[in-house]
Amino acid sequence: MNHMDADLAGEATLALGEDYADIREGVRAVCRGFPGAYWRELEKTDGYAEEFVRAMSEAGYLGALIPEEYGGAGLPLRAGCVILEEVHASGCSAAACHAQMYMMGTLLRHGSEEQKNRYLPGIATGEIRFQAFGVTEPTTGSETLKLRTRAVRDDEGYVINGQKIWTSRAHKSDLMLLLVRTTPIEEVKKRTEGLSVLLVDMREAVGNGLTMRRIDTMVNHQTNEVFFDNLRVPAEALIGEEGQGFRYILDGMNAERILTASESIGDCRYFARRSVEYAKDRVVFGRPIGQNQGVQFPIARAYAEYRGAEMLCRAAAALFEAGKACGEEANIAKLLAAEAAWNAAEACMQTHGGFAAATEFDIERKWRDCRLQRIAPVSTNLILAYIGQNVLGMPKSY
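Residues numbered from 1 in each chain as written. Predicted model: local features only at pLDDT ≥ 70, side-chain atom pairs only at ≥ 80, totals over all residues. Heavy atoms only, no water.

Visitor: Please provide a residue-by-residue account of the pairing of strand β7 (residues 223-233), values included.
Guide: Where strand β3 (residues 157-164) lies against β7, 6 bridges are found, and the strand directions are antiparallel. Opposite Gly162, over in β7, you have Phe228 as the bridge partner. Where strand β6 (residues 210-215) lies against β7, 6 bridges are found, and the strand directions are antiparallel. When the bridges of β7 are listed, Leu210 appears paired with Phe228. (Pairing = 2+ DSSP bridges. Helix = DSSP H or I, 4+ residues; strand = E, 2+ residues; numbered from the N terminus.)

Visitor: Residues and numbers for the packing of helix α2 (residues 21-31) against helix α5 (residues 77-89), please.
Guide: Where α2 contacts α5, the axes come no closer than 9 Å and their chain directions differ by 35°. Where α2 crosses over α5, the two elements pack in a sense that is right-handed. Contact with α2, carried on its side by Ile23, Arg24, Val27, Arg28 and Cys31, involves Arg78, Ala79, Val82, Ile83, Glu85, Glu86 and Val87 of α5 and no other residues of that element. By residue class, the composition of the contact of α2 with α5 is 7 nonpolar, no polar and 5 charged. (Axes fitted to C-alpha atoms, helices over the stretch in contact; angles between N-to-C directions. Left-handed = near helix turned anticlockwise from the far one by under 90°. Contact = heavy atoms within 4.5 Å. Nonpolar A, V, L, I, M, F, W, Y, C, P; charged D, E, K, R; others polar.)

Visitor: With reference to specific residues and values, describe the environment of Glu25.
Guide: Along the chain, Glu25 turns up in helix α2. Among the residues examined, Glu25 registers a relative accessible area of 37% and is labelled partly exposed. For Glu25 and Ala55, which are 30 residues apart along the polypeptide, the C-alpha to C-alpha distance reads 15 Å. (Buried < 20%, exposed > 50% of the residue type's maximum accessible area, 1.4 Å probe, protein only.)

Visitor: I'd like to hear about the confidence of the model for the protein chain, residue by residue, with values.
Guide: For the protein chain, per-residue confidence averages 92 on the pLDDT scale, and residues scoring 70 or more make up 96% of the total. Counting interchain partners and residues more than four positions distant, the pLDDT-below-50 stretch residues 1-11 has 2 contacts. (pLDDT = per-residue confidence, 0-100.)

Visitor: Outline the packing of aromatic side chains, supporting the account with residue identities and numerical values.
Guide: Enumeration according to the criterion identifies 10 aromatic pairs in this entry. Taking the centre distance of 5.4 Å and the plane angle of 85° together, the rings of Phe34 and Phe52 count as edge-to-face. Of the two residues, Phe34 is situated in the loop between α2 and α3 (36-45) and Phe52 in helix α4 (residues 50-58); the sequence distance between them amounts to 18 residues. Overall, the relative accessible area of 11% leaves Phe34 in the buried class. By way of ring pairs, the aromatic residues Phe34, Tyr38, Trp39 and Phe52 are connected into one cluster. (Phe/Tyr/Trp six-rings, centres within 6.5 Å; stacked < 30°, edge-to-face > 60°.)

Visitor: Go over the pairing of strand β1 (residues 130-134) with me, naming the residues and quoting the values.
Guide: The two faces of a sheet get side chains in turn, since along a regular strand they alternate between them. For β1, a buried count of 5 out of 5 residues is recorded, marking the element as mostly surrounded by other parts of the structure. Note: β1 against strand β4 (residues 175-181), 4 bridges, orientation parallel. Bridging across to β4, Phe133 finds its partner in Leu177.

Visitor: Could you give an account of the packing of α5 against helix α9 (residues 245-281), with specific residues and numbers?
Guide: Remark: α5 packs on α9, axes separated minimally by 7 Å, with the N-to-C direction vectors making an angle of 35°. Considering how the two elements wind past one another, α5 and α9 form a crossing that is right-handed. Contact residues: α5 offers Leu77, Gly80, Cys81, Leu84, Glu85, Glu86, His88 and Ala89, while α9 offers Ala255, Ile258, Leu259, Ser262, Glu263, Ile265, Gly266, Asp267, Arg269, Tyr270 and Arg273. Looking at side-chain class alone, the contact of α5 with α9 contains 9 nonpolar, 4 polar and 6 charged residues.

Visitor: Could you give an account of the nonpolar core, naming the residues involved and the relevant values?
Guide: With 65 residues, the main nonpolar core has Phe52, Leu77, Ile123, Phe130, Leu177 and Ile258 as its most contacted residues. Residues in contact with Phe52, not counting those within four places in the same chain, are Cys31, Phe34, Tyr38, Trp39, Val87, Cys92, Ser93 and Cys97. The next biggest cluster of nonpolar side chains, apart from the first, holds 21 residues, and it includes Ile265, Cys313, Ala344 and Ala345. (Core = buried A, V, L, I, M, F, W, Y, C linked by side-chain atoms within 4.5 Å.)

Visitor: With reference to specific residues and values, describe the pattern of salt bridges.
Guide: A full pass over the atoms with the stated rule returns 30 salt bridges. Asp46 serves as the salt-bridge partner of Arg214, at 3.0 Å between the closest nitrogen and oxygen. Of this pair, Arg214 sits in strand β6 while Asp46 sits in the loop between α3 and α4, and the two are 168 residues apart along the sequence. For Arg214, a relative accessible area of 29% translates into the label partly exposed. Judged by relative accessible area, Asp46 falls into the partly exposed class, the value being 39%. (Salt bridge = Lys/Arg side-chain N within 4 Å of Asp/Glu carboxyl O.)

Visitor: Account for the side chain of Thr351, with residues named and values stated.
Guide: Looking at the element boundaries, Thr351 is found in helix α11 (residues 327-352). Within the structure, Thr351 has its side chain in polar contact with the backbone oxygen of Ala347 (distance 2.7 Å). Not counting the four nearest positions on each side in its chain, Thr351 is found in contact with Ser275, Tyr278, Ala279, Ile289, Val295 and Ile299. (Polar contact = N/O pair within 3.5 Å; in protein donor to acceptor, adjacent residues only side chain to side chain.)

Visitor: Can you tell me about a nonpolar patch on the surface, naming the residues and giving the values?
Guide: Judged by side-chain polarity, Val391, Leu392 and Met394 come together as a nonpolar surface patch covering roughly 270 Å² of accessible area. Within the secondary structure layout, Leu392 lies in the segment after α13 (380-391). (Patch = residues over 30% accessible without salt bridge, like charges linked within 9 Å, V, L, I, M, F, W, Y side chains within 5 Å. Areas by Shrake-Rupley, 256 points an atom, 1.4 Å probe, with all protein chains shown as cover.)

Right under this line is the structure:
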């Protein structure tokens, strides 16, 4: 073994299996109080998971990544992954509250001490909801660098005009992390310049230049269009340095990919468990259907895909926590986990046959939910473009 091999062997200390066992059991205990009937009722009433978010906040799980000096648990990103994984493995949905975990990186790494002291303790306890991430726009979509929402600086702060879309939970959030253009794109040397991040207090903004319109979707993701009409925010709403916001947002985007990939990992476990239970119990033509390879093999393949995706999720989280470049790992983890979850969902649907379509089984709800992971928060095609162009060095397609 050469020195490099020895160094690598010395670093290979990650224990596999159920890490953070206490956290996993604690999250499962919370989730047991929110069975399928709870989520089905929310879909019927187009309701927000107020009780679930409150329970997760009171148990400390939504403040897990906030440093202890600000009232959180000070845990690494991997712990956040475990929390969201267990939520989804339990049949619940973290969509109502996951945003603050991946937005936290932008505030923690680039926010001022005044901003962190003012907001983080309340976010840690759940008193302040930090759930709205204003990036995507109707006309630019994934072309983030061409976004049109404009913030103009004057003596009193910033005046914001523009529009965002797919801003989930904005109507239930106290704070919004908002990406705006502070310098017109034609006046910057690089497209990545001239974008800034503002921390908007929704409690003051709604009705004073900010309005929202709910968007009805196939899953209960509580999403909105947000309109800015001469909305004024103070100068101290700026996070970090003006014009460098895209770089700050990238921190949050890598965390977003890793954390939402972990939700897909939880979905894989949920569908595998449901599939195996039913395949062993359901008897047709005098034998359990799981004895038939046509039923057994899709479940087994989906499980294998899940295990591969899980390993890359762990690697991406470790690199992120170490402060190392993790764009490749974060994006591929998101791609593989979303695809594995979808294949597991399809196998579960096929295994259950007609019963899978019955809402009381909860499979169709989870099936619809995990399908969204292939297009949001980032499309699998965009991830493939990222790999082709930024990892493999092929010509840019856009």
